[in-house]
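# Structural description and commentary
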Amino acid sequence: FFVSAFRAFNLLSTLRYENQIEKFKNDAVRQNALKSLFLANMSHEIRTPMNAIIGLDSLALHEPEISSKTRGYLEKIGSSAEHLLSLINEILDMSRIESGRTKINSEEFSFPKLLEQVNTIIDDQSRTKGLNYSCHVAGSLDDYYVGDVTKIRQILINILGNSVKFTPKGGNI
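What counts, and where the lines are drawn
Residues numbered from 1 in each chain as written. Predicted model: local features only at pLDDT ≥ 70, side-chain atom pairs only at ≥ 80, totals over all residues. Heavy atoms only, no water. Helix = DSSP H or I, 4+ residues; strand = E, 2+ residues; numbered from the N terminus. Rg over C-alpha atoms; globule rule 2.2 N^0.38 Å. Contact = heavy atoms within 4.5 Å. Areas by Shrake-Rupley, 256 points an atom, 1.4 Å probe, with all protein chains shown as cover. Lys, Arg positive; Asp, Glu negative; His and termini not counted. Charge placed at Lys NZ, Arg CZ, Asp CG, Glu CD. pLDDT = per-residue confidence, 0-100. Core = buried A, V, L, I, M, F, W, Y, C linked by side-chain atoms within 4.5 Å. Buried < 20%, exposed > 50% of the residue type's maximum accessible area, 1.4 Å probe, protein only. Polar contact = N/O pair within 3.5 Å; in protein donor to acceptor, adjacent residues only side chain to side chain. Salt bridge = Lys/Arg side-chain N within 4 Å of Asp/Glu carboxyl O. Patch = residues over 30% accessible without salt bridge, like charges linked within 9 Å, V, L, I, M, F, W, Y side chains within 5 Å. Expected span 1.5 Å × (residues − 1). Arc of directions from axis to C-beta.

## Considering the overall build of the protein chain
Helix and strand counts for the protein chain stand at 4 helices and 2 strands. Secondary structure of the protein chain in N-to-C order comes out as α-α-β-α-β-α. For the protein chain, the C-alpha radius of gyration of 25 Å lies well beyond 16 Å, the compact-globule estimate for 173 residues. Sequence separation of at least 24 residues holds for 83% of the intrachain contacts in the protein chain that already meet a minimum separation of 6. Of the accessible surface of the protein chain, which amounts to about 12400 Å², a share of 60% is contributed by carbon and sulfur atoms. Charged side chains of the protein chain number 20 positive and 20 negative; the gap between the two group centres comes to 11 Å.

Quick look at the structure:
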């Protein structure tokens with residue numbers, strides 16, 4: 001009798017434990033789906049004004065009567081806004097990756113323009129930290145390539161940003 005009662009108790013405990021695990025798993029899946037939905041909605045809501053900033057910056061850069069100093073500021077604003085937009089897109093990409101809906105773009109982009117944007121951001125970060133930054137391209141490059149410019153920009157900024165972060169003051173990048 002005791003052996004049968006003990007087995008029944010173990011069976012009930014195991015079933016209760018398995019039910020709790022299943023409940024926790026379902027809760028985690030639901031919470032992850034809600035997080036992904038939140039990230040997608042927030043990145044969309046942030047992207048709209050960021051695109052307006054980029055557009056207005058571009059319009060201001062085309063004004064013929066701005067000073068070179070103001071032009072420099074506007075170029076930095078534009079590069080920083082583009083970088084922020086790429087970070088927002090990266091957040092959206094993460095939610096897509098988690099949901100299995102990731103996509104790599106294949107579009108023509110100007111490599112010199114990409115380098116200019118990255119250099120503007122990293123040069124400013126370097127100067128702020130007291131570092132010397134220079135970009136040297138070995139060999140020849142084409143003006144245009146096909147690929148995912150946003151992901152390439154993110155990779156370059158992440159690598160160079162880490163260089164800025166971990167290089168002691170007075171160093172060279």
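## Some remarks on the confidence of the model for the protein chain
Residues with a pLDDT of 70 or more make up 92% of the protein chain, whose mean pLDDT is 84. Per-element averaging of pLDDT across the protein chain places helix α1 (residues 2-61) at the bottom with 79 and strand β2 (residues 144-147) at the top with 95.

## A look at the nonpolar core
In this structure, Phe-109, Phe-111, Leu-114, Val-118, Ile-122 and Leu-160 are the most contacted members of the largest nonpolar core, which totals 13 residues. Listing elements by their share of this core, those giving two or more residues are α3 (111-129) and α4 (149-166). Looking at which element gives the most residues to this core, the answer is α3, with 6 residues. Discounting chain neighbours no more than four positions away, the residues touching Ile-122 are Tyr-133, Ile-157, Leu-160, Gly-161 and Val-164.

## What about the side chain of Thr-167?
Inspection of the secondary structure puts Thr-167 in the segment after α4. Among the residues examined, Thr-167 registers a relative accessible area of 15% and is labelled buried. A polar side-chain atom of Thr-167 sits 2.5 Å from the main-chain carbonyl oxygen of Ser-163. When neighbours within four sequence positions are excluded, Thr-167 is seen to be in contact with Lys-129, Leu-131, Asn-172 and Ile-173.

## Examining the pattern of salt bridges
Once their charged atoms are close, side chains differing in charge can pair, the charge on each being opposite to the other. For the structure shown, the criterion picks out 5 salt bridges. Linking Asp-27 and Arg-30 is a salt bridge whose minimum nitrogen-to-oxygen distance equals 3.1 Å. Taken together, the positions of Asp-27 and Arg-30, both in helix α1 and 3 residues apart, correspond to about one turn of that helix. Judged by its relative accessible area of 18%, Asp-27 is buried. Classification of Arg-30 by relative accessible area gives partly exposed; the value is 48%. Two residues, Asp-148 and Lys-151, come together in a salt bridge whose shortest N-O distance is 3.3 Å.

## Details of a nonpolar patch on the surface
Together, Leu-11, Leu-12 and Leu-15 line one region of the surface with nonpolar side chains, adding up to about 290 Å² of accessible area. On the secondary structure map, Leu-12 appears in helix α1.

## As for the side chain of Gln-117
By secondary structure assignment, the location of Gln-117 is in helix α3. On the accessibility criterion, Gln-117 (11% relative accessible area) is buried. Separated by 3.1 Å, the side chains of Gln-117 and Arg-153 make a polar contact. Every residue in contact with Gln-117, bar those within four places of it in the chain, is listed here: Ser-79, Glu-82 and Arg-153.

## Looking at α4
The end-to-end C-alpha distance of α4 is 26 Å, a good match for the 26 Å that 18 residues give at a rise of 1.5 Å each. Here α4 has its buried residues at Val-149, Thr-150, Arg-153, Gln-154, Ile-157, Leu-160, Gly-161 and Val-164. The arc that holds the buried residues of α4, viewed along the axis, is 155 degrees, so those residues lie on one side. Exposed residues lying more than 90 degrees from the buried face of α4 are Ile-159 and Phe-166.

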